[in-house]
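Per-entry structural report
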Amino acid sequence: MKTSLNELRLIEHYLLSDGKDGESFLFEAKMILQPELKQQVYWQNKSYQMVHDYGRKQLKNEINNIHETLFNTAEHQTFRQKVMRLFRK
């Protein structure tokens, strides 16, 4: 089940395009005729989802760290007070 670089490019184009061009329809026909290709598309899509989810998790951790720094350290107490005043009104 070796995937060539050209196949990877085609799969990537299929997954990242809007799916409304003629190439996408042709690729879908290829997947019907070649179940192995359909499986490769599935696993490539899963890989993209995992990378996306990992990136979201990293961003969330970074935002939480910034929040902790700005709202829970003494040196940023005046900033915290200004923000809290904005939400009191």
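Before any of the text, the structure's been laid out above.
Residues numbered from 1 in each chain as written. Predicted model: local features only at pLDDT ≥ 70, side-chain atom pairs only at ≥ 80, totals over all residues. Heavy atoms only, no water.

**Side note on the overall build of the protein chain**
Summing up its helical and strand segments, the protein chain has four helices and zero strands in all. Start at the N end of the protein chain and walk to the C end: the helices and strands fall as α-α-α-α. Computed over C-alpha atoms, the radius of gyration of the protein chain comes to 23 Å, more than 25% over the 12 Å expected from 2.2 N^0.38 for 89 residues, which places it beyond the range of a compact globule. Contacts in the protein chain between residues far apart in sequence, at least 24 positions, make up 43% of those at least 6 positions apart. Accessible area for the protein chain stands at about 7900 Å²; split by element, carbon and sulfur atoms hold 57% of it. The average position of the 14 basic charges and that of the 11 acidic charges among the side chains of the protein chain differ by 13 Å. (Helix = DSSP H or I, 4+ residues; strand = E, 2+ residues; numbered from the N terminus. Rg over C-alpha atoms; globule rule 2.2 N^0.38 Å. Contact = heavy atoms within 4.5 Å. Areas by Shrake-Rupley, 256 points an atom, 1.4 Å probe, with all protein chains shown as cover. Lys, Arg positive; Asp, Glu negative; His and termini not counted. Charge placed at Lys NZ, Arg CZ, Asp CG, Glu CD.)

**Here's the deal with the packing of aromatic side chains**
If you walk through the whole model with that rule in mind, you get three aromatic pairs. Judged by centre distance (5.0 Å) and plane angle (35°), the ring pair of Tyr-14 and Phe-27 falls under tilted. You can see Tyr-14 sitting in helix H1 (residues 5–16) and its partner Phe-27 sitting in helix H2 (residues 22–33), a full 13 residues away along the chain. For the pair Tyr-14 and Phe-27, one class covers both residues: buried. When the centroid spacing of 5.0 Å and the interplanar angle of 80° are considered together, the rings of Tyr-42 and Trp-43 count as edge-to-face. For Tyr-42, a relative accessible area of 45% corresponds to the partly exposed category. (Phe/Tyr/Trp six-rings, centres within 6.5 Å; stacked < 30°, edge-to-face > 60°. Buried < 20%, exposed > 50% of the residue type's maximum accessible area, 1.4 Å probe, protein only.)

**Points about a positive patch on the surface**
Judged by side-chain charge, Arg-80, Lys-82, Arg-85 and Arg-88 come together as a positively charged surface patch. Within the secondary structure, Arg-80 sits in helix H4 (residues 77–88). (Patch = residues over 30% accessible without salt bridge, like charges linked within 9 Å, V, L, I, M, F, W, Y side chains within 5 Å. Salt bridge = Lys/Arg side-chain N within 4 Å of Asp/Glu carboxyl O.)

**Quick look at the nonpolar core**
Core analysis: the biggest nonpolar cluster contains six residues, these being Ile-11, Tyr-14, Phe-27, Met-31, Leu-37 and Val-41. Leave out the neighbours within four places in its chain, and Val-41 touches Ile-11, Tyr-14, Leu-15, Phe-27 and Met-31. (Core = buried A, V, L, I, M, F, W, Y, C linked by side-chain atoms within 4.5 Å.)

**Let's talk about H2**
Between its first and last C-alpha atoms H2 spans 17 Å; for 12 residues at 1.5 Å apiece the expected length is 16 Å, and the two agree. Buried within H2 we find Ser-24, Phe-27 and Met-31. Projection of H2 onto a plane perpendicular to its axis shows the buried side chains occupying an angular sector of 60°, all on one side. For H2, the exposed residues lying more than 90 degrees away from the buried face are Gly-22, Phe-25, Leu-26, Ile-32 and Leu-33. Buried residues in H2 make contact with H1 and helix H3 (35–72). (Expected span 1.5 Å × (residues − 1). Arc of directions from axis to C-beta.)

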